[in-house]
Amino acid sequence: MSERTSHAPGTPSFVDHSSPDIDASVEFYGSLFGWEVPPAENPEETGGYRMAMLGGKAIAGMMPLMQEGQPPAWQTYVTVEDVDATAAAVKEAGGQVVAEPMDVLTAGRMAVFTDPAGAFFAVWEPRDAIGSELVNEPGALCWNELNTRDVEGATAFYGAVFGWTFDTQTMPDGNSYTAIELDGEPVGGILDQDQRGVPAEVPAYWAVYFAVEDTDASLERAKQLGGSVMVEPIDIPVGRFAFLSDPHGASFAVIALN
């Protein structure tokens, strides 16, 4: 089922994008994925936050950069029952609170953290807004993946915070990949940056994947719109994916699912 009316606690359920030029980013992603991104409602209250829609369903958030030095980036949100309790669990497990729990009007309650390796992530306690209302369809979020050099530390941390379990498998290329599971079902993954030869200056981060109908065609369209290809298309058992960066340098992946 691709349409969602709720997300189970512990599910990566939403992403949003911070941009130095939100109008340009809306043009890029809207043209690439077919999103409609209406102007912000009550921008004085919301800071100019905008919701990307596809077929009338909420897909992702888009907002201006909030502070000096903040890089353009996509951020992953995990649904939780209680943001304040999650913040306490993050601290207990060795993470850091970046933005303390806060109400977002009547939409929900959120907080932003870093894990012990420095990867940023956020949590969402839903009220009026559940997060993504459509997933696993072309133009919609379909996967969230932690890229880190400390897989063992990550499993200990996130297992303590969200109750996740993990299944590590050897891939056809000989590298390992760790599936994140919630109640026995995969909800995300963990990639070992050292195994993949990721340059040392690249920090730990949560990658976001959007489904597309045709990976190669999406790459060509992204390049026409001013984006660039970071990782050329790769075939894996579940589909064909590639990593891109938008015109401001924020990275994301696309995948045509089998």
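Residues numbered from 1 in each chain as written. Predicted model: local features only at pLDDT ≥ 70, side-chain atom pairs only at ≥ 80, totals over all residues. Heavy atoms only, no water.

Q: Got a minute to help me understand the environment of V161 in this structure?
A: Mapped onto the elements of the fold, V161 is located in helix 4 (residues 151–162). Since its relative accessible area comes to 12%, V161 is described here as buried. In sequence terms V161 and A93 are 68 residues apart; their C-alpha atoms lie 7.1 Å from each other. Dropping the residues within four chain positions of it, V161 is found in contact with T86, A89, V90 and A93. (Helix = DSSP H or I, 4+ residues; strand = E, 2+ residues; numbered from the N terminus. Buried < 20%, exposed > 50% of the residue type's maximum accessible area, 1.4 Å probe, protein only. Contact = heavy atoms within 4.5 Å.)

Q: Sorry if this is basic, but what is going on with the sheet that holds strand 4 (residues 73–79) here?
A: Strand-to-strand pairing in sheets goes through backbone hydrogen bonds, with the strands running parallel or antiparallel. Taken in spatial order, the seven strands line up as 2-3-1-4-7-6-5 in an open sheet, and their pairing is mixed. Sheet topology places strand 2 (50–54) and strand 5 (96–104) at the edges, where each strand pairs with a single neighbour. Neighbour to neighbour, the strand axes of the sheet diverge by 25 degrees on average, direction disregarded. Two strands pair when backbone bridges link them, and strand 1 (residues 12–19) and strand 4 are joined in this way by six bridges, in the antiparallel orientation. (Pairing = 2+ DSSP bridges. Axes fitted to C-alpha atoms, helices over the stretch in contact; angles between N-to-C directions.)

Q: Looking at this model, I keep getting lost on a nonpolar patch on the surface. Mind explaining?
A: Among the surface-exposed residues, M230, V231 and I234 lie close enough to one another that they form a single nonpolar patch of about 240 Å² accessible area. With respect to the helices and strands, I234 occurs in strand 13 (residues 228–236). (Patch = residues over 30% accessible without salt bridge, like charges linked within 9 Å, V, L, I, M, F, W, Y side chains within 5 Å. Areas by Shrake-Rupley, 256 points an atom, 1.4 Å probe, with all protein chains shown as cover. Salt bridge = Lys/Arg side-chain N within 4 Å of Asp/Glu carboxyl O.)

Q: Any chance you could explain helix 4 here in plain terms?
A: Given 3.6 residues per helical turn, the α-helix brings residues three or four places apart onto the same face. Taking 1.5 Å per residue, 12 residues should reach 16 Å; helix 4 reaches 16 Å between its end C-alpha atoms and fits that length. Those residues of helix 4 that fall on the buried side of the exposure criterion are V151, A154, F157, Y158, V161 and F162. Taken down its axis, helix 4 places every buried residue within 125 degrees of arc, on the same side. More than 90 degrees from the buried face of helix 4, the exposed residues found are E152, A156 and A160. Immediately downstream of helix 4, the backbone of G163 shows phi near 75 degrees, a positive value. (Expected span 1.5 Å × (residues − 1). Arc of directions from axis to C-beta.)

Q: I would appreciate a short explanation of the packing of aromatic side chains in the present structure.
A: What characterises a pair of aromatic rings is the spacing of the ring centres plus the angle enclosed by the ring planes. Going through the model one piece at a time under the given rule, you end up with 27 aromatic pairs. With centroids separated by 6.3 Å and ring planes inclined at 75 degrees, the aromatic side chains of F28 and F252 adopt a geometry described as edge-to-face. Here F28 is found in helix 1 (residues 22–33), whereas its partner F252 is found in strand 15 (residues 251–257), with 224 residues between them in sequence. Judged by relative accessible area, which is 3%, F28 ranks as buried. For F252, a relative accessible area of 0% translates into the label buried. With 5.5 Å between their ring centres and 45 degrees between their planes, F113 and F121 make a pair best called tilted. F121 shares its class with F113; the two are buried. Three or more aromatic residues joined by ring pairs make a cluster, and in this case those are F28, Y29, F33, W35, W74, F210 and F252. (Phe/Tyr/Trp six-rings, centres within 6.5 Å; stacked < 30°, edge-to-face > 60°.)

Q: In this structure, what is going on with the packing of helix 1 against helix 5 (residues 215–224)? I would like to understand it.
A: Working note: a packed helix pair is described by the angle between its axes plus the distance between those axes. Axis separation between helix 1 and helix 5 bottoms out at 10 Å; the angle between their running directions is 155 degrees. Here helix 1 lies roughly antiparallel to helix 5, going by the angle between them. In this structure, helix 1 crosses over helix 5, and the sense of that crossing is right-handed. From helix 1, F28, S31 and L32 reach across to helix 5, where they touch S218, R221 and A222. (Parallel < 35°, antiparallel > 145°, perpendicular 65-115°, else oblique. Left-handed = near helix turned anticlockwise from the far one by under 90°.)

Q: Explanation requested: the pattern of salt bridges in the structure shown.
A: When their charged atoms lie close together, side chains carrying opposite charge are able to pair. Following the criterion strictly, the structure yields 11 salt bridges and no others. With a shortest N-O distance of 3.0 Å, R109 and D103 are connected by a salt bridge. The residue R149 makes a salt bridge to D194 at a minimum N-O spacing of 2.9 Å. You can see R149 sitting in the loop between strand 8 (141–148) and helix 4 and its partner D194 sitting in the loop between strand 11 (185–192) and strand 12 (205–211), a full 45 residues away along the chain. For R149, a relative accessible area of 29% translates into the label partly exposed. Exposure remark for D194: the relative accessible area of 48% places this residue in the partly exposed category. Each of D84, D103, R109, E125 and R127 takes part in one network of salt bridges that share partners.

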